[in-house]
Amino acid sequence: SQELEQSPQSLIVQEGKNLTINCTSSKTLYGLYWYKQKYGEGLIFLMMLQKGGEEKSHEKITAKLDEKKQQSSLHITASQPSHAGIYLCGADFYSGGSNYKLTFGKGTLLTVNP
Amino acid sequence: GAGVSQTPSNKVTEKGKYVELRCDPISGHTALYWYRQSLGQGPEFLIYFQGTGAADDSGLPNDRFFAVRPEGSVSTLKIQRTERGDSAVYLCASSLTRDDNEQFFGPGTRLTVL
């Protein structure tokens, strides 16, 4: 089974709507990374969370790591077509902080209709 | 400045052939990573370089895969006796140091083994 599950697998929203993507881990997270990927392009780093309860925002995107450090949510407010793409969460499962050896979820495909 | 570049962008080869995939990291970045992304999956860690040395190659699937970074900059991922199951997008990323949480990804090389 997958160590890192993302939900939903895909999401279609109308421009201007809010949305949430979840990332659930079967193990304790020592770091949780959110990336965005467009077809044919590399991953773009969005933010990294490390402490339980931590919340970070970048423009209209907010991510939070829950207290028990096994789930993260990514929330987009007032979505725009530019938000469309695949959102990937990546986990650092190593307490020693091997932030390079990330385990990724399968991604959530977001479509924003104008 | 220039981002991470990868060449070729697409590579089609026949089963049993040898291929080399090249990665040019961001200038000055000491850490370099290779990932493999199969269709519908998140990236899967292959190998990490710190400088010229492979600090962690635990993600390489078998001994047909090998990577080098002889001068601590450009890296080449080499695959011998390619198999159809090797078909995937091979992503390269770099970061300033290993402790830097943000990895900068290249656009990937799409490898197709016929």
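Residues numbered from 1 in each chain as written. Chains lettered and ligands numbered in written order. Predicted model: local features only at pLDDT ≥ 70, side-chain atom pairs only at ≥ 80, totals over all residues. Heavy atoms only, no water.

**Some thoughts on the overall build of chain A**
Item 1. Scanning chain A from terminus to terminus reveals 0 helices and 11 strands.
Item 2. The N-to-C order of helical and strand elements in chain A reads β-β-β-β-β-β-β-β-β-β-β.
Item 3. The C-alpha atoms of chain A give a radius of gyration of 13 Å, which matches the 13 Å a tight globule of 114 residues would have.
Item 4. Viewed in the frame of its principal axes, chain A has a C-alpha envelope of about 45 × 30 × 25 Å.
Item 5. Considering only contacts within chain A whose residues lie at least 6 apart along the sequence, 55% involve residues at least 24 apart.
Item 6. For chain A, the exposed surface amounts to about 5500 Å²; the carbon and sulfur share of it is 47%. (Helix = DSSP H or I, 4+ residues; strand = E, 2+ residues; numbered from the N terminus. Rg over C-alpha atoms; globule rule 2.2 N^0.38 Å. Contact = heavy atoms within 4.5 Å. Areas by Shrake-Rupley, 256 points an atom, 1.4 Å probe, with all protein chains shown as cover.)

**Let's talk about the packing of aromatic side chains**
Any aromatic ring pair is given by two values, namely how distant the centres are and how the planes are angled relative to each other.
Item 1. Scanning the entire structure with this criterion turns up 7 aromatic pairs over all chains.
Item 2. The interplanar angle of 20° and the centroid separation of 5.4 Å between the aromatic rings of Tyr33 of chain B and Tyr48 of chain B together place this pair among those described as stacked. Residue Tyr33 of chain B is found in strand E4 (residues 31-37), and its partner Tyr48 of chain B is found in strand E5 (residues 44-50); the two are separated by 15 residues along the sequence. Here the two residues Tyr33 of chain B and Tyr48 of chain B agree in accessibility, since each one is buried.
Item 3. The rings of Tyr35, Phe45 and Phe104 of chain A together with Tyr35, Phe45 and Phe105 of chain B are connected pair by pair, giving a single aromatic cluster.
Item 4. The ring of Phe93 of chain A carries Lys27 of chain A above its face, with NZ or CZ at 4.4 Å from the centroid. (Phe/Tyr/Trp six-rings, centres within 6.5 Å; stacked < 30°, edge-to-face > 60°. Buried < 20%, exposed > 50% of the residue type's maximum accessible area, 1.4 Å probe, protein only. Lys NZ or Arg CZ within 6 Å of the ring centre and 35° of its normal.)

**With respect to the sheet that holds strand E1 (residues 5-7) of chain B**
For sheets, the rule is that strands pair by backbone hydrogen bonds, running either parallel or antiparallel.
Residues and elements named next belong to chain B.
Item 1. Taken together, the 4 strands give an open sheet; going across it, the order is E1-E3-E8-E7, and neighbouring strands pair in antiparallel fashion. Taken across any chain shown, the strands that pair with only one partner, and hence form the sheet edges, are E1 and strand E7 (65-68). Sheet twist, expressed as the mean angle between neighbouring strand axes with direction ignored, is 15°.
Item 2. The pairing of strand E3 (residues 19-24) with strand E8 (residues 75-79) spans 5 bridges and is classified as antiparallel. By the bridge assignment, Leu21 is partnered in E8 with Leu77. (Pairing = 2+ DSSP bridges. Axes fitted to C-alpha atoms, helices over the stretch in contact; angles between N-to-C directions.)

**Observations concerning unusual backbone geometry**
Item 1. Cis geometry is found at the peptide bond from Ser7 of chain A to Pro8 of chain A, where omega equals -5°.
Item 2. The omega torsion across Thr7 of chain B and Pro8 of chain B is -10°, close enough to zero to call that bond cis.
Item 3. Among the structural elements, Pro8 of chain B can be located in the loop between E1 and strand E2 (10-13).
Item 4. Here Glu59 of chain A, not a glycine, exhibits a phi torsion of approximately 55°, which is positive.
Item 5. In this fold, Glu59 of chain A is placed in the loop between strand E6 (55-58) and strand E7 (61-65).
Item 6. A relative accessible area of 73% places Glu59 of chain A in the exposed class.
Item 7. The residue Ala78 of chain A is not glycine, and still its phi comes out positive at about 50°.
Item 8. For Ala78 of chain A, the position within the fold is in the loop between strand E8 (71-76) and strand E9 (85-92).
Item 9. According to the relative accessible area criterion, Ala78 of chain A is partly exposed, its value standing at 24%.

**Focus: the state of the cysteines**
Item 1. Across all of its chains, the model carries 2 disulfides over all chains by this definition.
Item 2. A sulfur-sulfur distance of 2.1 Å marks the disulfide that ties Cys23 of chain A to Cys89 of chain A. Residues Cys23 of chain A and Cys89 of chain A are joined by a disulfide whose S-S torsion is about 75°; by sign, that bridge is right-handed. Here Cys23 of chain A, found in strand E3 (residues 19-25), pairs with Cys89 of chain A, found in strand E9; they are 66 residues apart in sequence, far enough to count as distant.
Item 3. Under the relative-accessibility criterion, Cys23 of chain A is labelled buried at 1%.
Item 4. Residue pairing for Cys23 of chain B: its cysteine sulfur links by disulfide to Cys92 of chain B, the two sulfurs lying 1.8 Å apart. Since a negative S-S torsion denotes a left-handed disulfide, the Cys23 of chain B-Cys92 of chain B link at about -65° is left-handed. Here Cys23 of chain B is found in strand E3, whereas its partner Cys92 of chain B is found in strand E9 (residues 88-95), with 69 residues between them in sequence. No difference in accessibility class separates Cys23 of chain B from Cys92 of chain B, as the two residues are buried. (Disulfide = S-S within 2.5 Å.)

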